[in-house]
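Topology and contacts: notes
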Amino acid sequence: MNMKNQWKLGLAAVLCTCLLLPGPRAEAVEISPETQAEFDRLIEIGAGDILDQFLSSLPEEVRNALVQAEEQKYANPTVPLDAQNLPGSGICGVSLNWELSEKGVLTVSGTGEMFDFREGRPAPWSESREAIKEVVLAEGVTNIGNLAFVGCINLEKLTLPDKLETIGDEAFRGCTSLEELKLPGSLKSIGWAAFANCSALTWIQIPGTVDTLGGYAFFGCTKLNTVAIPDSVTAIETAAFRGCTSLVDVSIPENVSFIGSQAFYGCSSLRSVAIPEAVTTISEMAFYGCTGLKSAELSINLEKIGAEAFAGCSSLTSLSIPGSVRTIGDGAFRDCASITSVMIPSGVTEIGNYVFRNCRGLTAVVLPETLERIGRYAFSYCSKLETIRIPAAVTEIGTEAFSNCGMWSVTFQGAAPTIWDNAFKGVQATAFYPQDAQGWNRKATVSYGGNLTWETI
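Summarised in this report is the structure supplied together with it.

About the criteria used
Numbering of residues starts from 1 in every chain and runs along the sequence as written. Where totals are concerned, whole chains, interfaces and linings use all residues; where local detail is concerned, this predicted model gives features only for residues with pLDDT of at least 70, and gives and counts side-chain atom pairs only at 80 or more. Just so you know, side-chain values use all the structure's heavy atoms and leave hydrogens and water out. Every helix listed is a DSSP run of H or I at least four residues long, and every strand listed is a run of E at least two residues long, numbered separately from the N terminus. Residues count as neighbours in contact if any of their non-hydrogen atoms are within 4.5 Å of one another. Classification of residues uses two cut-offs on accessible area relative to the type maximum, computed with a 1.4 Å probe and protein chains only: under 20% is buried, over 50% is exposed, and between them is partly exposed. Two strands qualify as a pair provided that DSSP identifies no fewer than 2 bridges between them. Note on ring pairs: Phe, Tyr and Trp rings are taken, using the six-membered ring of Trp, and paired if centres are within 6.5 Å. Classes follow the plane angle, with under 30 degrees stacked, over 60 edge-to-face and the rest tilted. Candidate patch residues must exceed 30% relative accessible area and have no salt bridge, after which like charges are joined if within 9 Å and Val, Leu, Ile, Met, Phe, Trp or Tyr side chains if within 5 Å. Reported accessibility uses the Shrake-Rupley method at a 1.4 Å probe radius. Residues are deemed covered only where the shown protein chains occlude them. By definition, a salt bridge exists where a carboxyl oxygen of Asp or Glu is found within 4 Å of a side-chain nitrogen of Lys or Arg. A residue counts as positive if it is Lys or Arg and as negative if it is Asp or Glu; His and the chain ends are not included. Taken as the charge centre is NZ of Lys, CZ of Arg, CG of Asp or CD of Glu, depending on the residue. Nonpolar cores were defined as sets of buried Ala, Val, Leu, Ile, Met, Phe, Trp, Tyr and Cys residues, with membership established by side-chain atoms within 4.5 Å.

All right, on to the side chain of Arg334 then. Relative to the helices and strands, Arg334 is located in the loop between strand E22 (327–328) and strand E23 (341–343). In contact with Arg334, not counting residues within four places along its chain, are Tyr288, Glu308, Phe310, Ala311, Gly312, Tyr354, Val355 and Arg357.

Written as C-alpha cells, this is what we have:
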C-alpha cells in the first residue's frame, strides 16, 4: 500500500476509535460541500490536532458520518502487488511536500513549517526510514518537526536550507550513520534530544544565531570530539552533552549563566573546563564521571556547587573554590582521587555528605570559621589526609565523617560538637581540645570508632 494511503488510513482509524460513540448508525446525513472539503483537506495534510477540533465542532451525526465514510474508503483497498515497495511521496506540512527516491534520497520542498510528529502519529516516511540515505530540505523550509527523522539509521548526508530556524525535539535522534553536520546561519533553536545518539557524529558547527540548545541535544554522541558553543547561547541545558565520551575540548561562552544537571556527564575525554563569570550555580552531576578532566576553573561569582557536580573526576588536580561559594552539595567531589589540597571559603556553613569521600590524594584541607556542620562520610577514605582543624563554630560531625583517614592529629578549636558514631572509624590520632571550652568531658572524649588519644590545649 502506498505510504501516503497507509498514513491516512491509520489517522482515520484513530479518529474512528476516538470519536465514534455507541448508538445506531445514521441512515442518511446531509453533509455540506464546504464541510466535506475542509474534512478532506485536513485529512490530506495530516493536521491531527486541528482535525480533532474541527470534528468536535460538528453535530454528532455529521461527525460520525464523515469518519465512517473515511474508514470505509480504506477498509478494503485495492493495491497493486508491486506498489508496496515503491518510493513514497506526500504532504508533510501545510505547504510542504516530500518525495523519497529509489536511491534513498528524501526531498522536502515547498514553503513554511513541517508538521510536528509524535509516537502514534509518526512522519509519513517512517516505515521507509531505514531506506533513507540522504535528506535534502529545499530552500523555503523554515523548521524541522519533532521526531521527523528519528531512527533513520542509514542517513549519511544532510542538506539544510539557508533560512532554517528551528530543529524540533528528537528530530534526528538515533541517526547513527550521520558523521558531519553544518547548520545554517539562520538557525535559532535546537530542540530537546535533537541529535541524541547520533553515535557517528564527529563534528558540528553551531552558528552564532542559536540561542536555545535543548536538553539532551547531543546526548550519546560518542564520537563528537570538539564543539564550540556560540556566544548567543545562555544556558547549557540538562544532559546536553551527556555521554559524549570523545569530547576533548569545549568552549563555554561568557554569556552562559546556567549549567544544567548532567550537562557533561560522562565526558571522559574532556581535559579542562572554564566556567564563565555569569554562572552562579553548577547543577547536580554536571561533570560527573569526567575521568580525564584535569583542571576546572570555576566562576568567581559561583554560589552553589550541586550534588555530585564533579564526582568521579579522578584526574582533577587543580581545584580552587571561589570565595563566593556558599553551598557545596552532597558528593560534589567524591572520588576525585588526584586532588591534593582544598580550601573551603569563608561563608560556607555546611560540608554535605560524601563531599570529599575517597579523595585518596588529599593531603591538606582548610575549613572556614563559618563552618557549622560536617556531613556523613564527608572525608572518609581520604587516606593521605594527616591533620585537620575543626573550627569553633562546628556543632555536628556526621557518621564516619573522617573514617579511614590517615590522620595523626585532630584539633578542635571550640566547644564539644555532637560527634556521631564511627566519625573517626579506623583513625589512630591525637585529638586536641581547649581545656576550658564547654562540653568536653569523659563522654565527649571517646574514640568514635577509632583510636583517639585526647589532650588539652
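Next comes the rest of the account.
Here the focus is the pairing of strand E2 (residues 96–100). The alternating pattern of E2 places Leu96, Trp98 and Leu100 on a buried face and Asn97 and Glu99 on a face that is not buried. Here strand E1 (residues 89–93) runs beside E2; their pairing, made up of four bridges, is antiparallel. Looking at E2, one finds that Gly93 is bridged to Leu96. Between E1 and E2, which follow one another and run antiparallel, lie two residues. Of the pairings in the sheet, the one linking E2 to strand E3 (residues 105–110) comprises five bridges and is antiparallel in character. When the bridges of E3 are listed, Trp98 appears paired with Val108. As consecutive antiparallel partners, E2 and E3 are separated by four residues, and within that stretch Gly104 has a phi angle of approximately 85°, a positive value.

We now examine the packing of aromatic side chains. For the structure on display, the rule yields 24 aromatic pairs. Aromatic pair Phe149 and Phe172: ring centres 5.2 Å apart, planes at 20°, arrangement stacked. Of this pair, Phe149 sits in the loop between strand E6 (141–144) and strand E7 (157–159) while Phe172 is found in the loop between strand E8 (166–167) and strand E9 (180–182), placing the two residues 23 residues apart along the sequence. The class of Phe149 is buried, set by a relative accessible area of 0%. Judged by relative accessible area, Phe172 falls into the buried class, the value being 0%. Judged by centre distance (4.8 Å) and plane angle (5°), the ring pair of Tyr265 and Tyr288 falls under stacked. A residue pair is termed long-range when its members are at least 10 positions apart, and Tyr265 in the loop between strand E16 (258–259) and strand E17 (272–274) and Tyr288 in the loop between strand E18 (281–282) and strand E19 (295–297) qualify at 23 residues.

Attention now goes to a negative patch on the surface. Taken together, the side chains of Glu113, Asp116, Glu165 and Asp169 define an acidic patch exposed on the protein surface. Given a relative accessible area of 56%, Glu113 falls into the exposed group.

In a structure, side chains of opposite charge can pair up when their charged atoms sit close to one another. Considering all chains together, one arrives at six salt bridges under this definition. Between Arg173 and Glu170 there is a salt bridge, with the nearest N and O atoms lying 2.6 Å from each other. One salt bridge connects Glu350 with Arg373, and the closest N-O pair in it is separated by 2.7 Å. With Glu350 in strand E24 (residues 350–351) and Arg373 in strand E26 (residues 373–374), the pair connects residues that are 23 residues apart, well separated along the chain.

Soluble globular proteins tend to bury their nonpolar side chains together. Among the nonpolar cores identified, the biggest contains 125 residues, and Phe218, Phe333 and Phe379 are the most heavily contacted of them. When residues of this core are traced back to their parent elements, those giving at least two are E2, E3, strand E5 (134–137), E6, strand E27 (387–390), strand E29 (409–412), strand E31 (428–433) and strand E32 (451–456). Not counting chain neighbours up to four residues away, the residues in contact with Phe333 comprise Ile305, Phe310, Leu319, Ile321, Ile328, Ile339, Val355, Phe356 and Cys359. Within the second largest apolar cluster, nine residues are counted, among which are Leu51, Val62, Leu66 and Val67.

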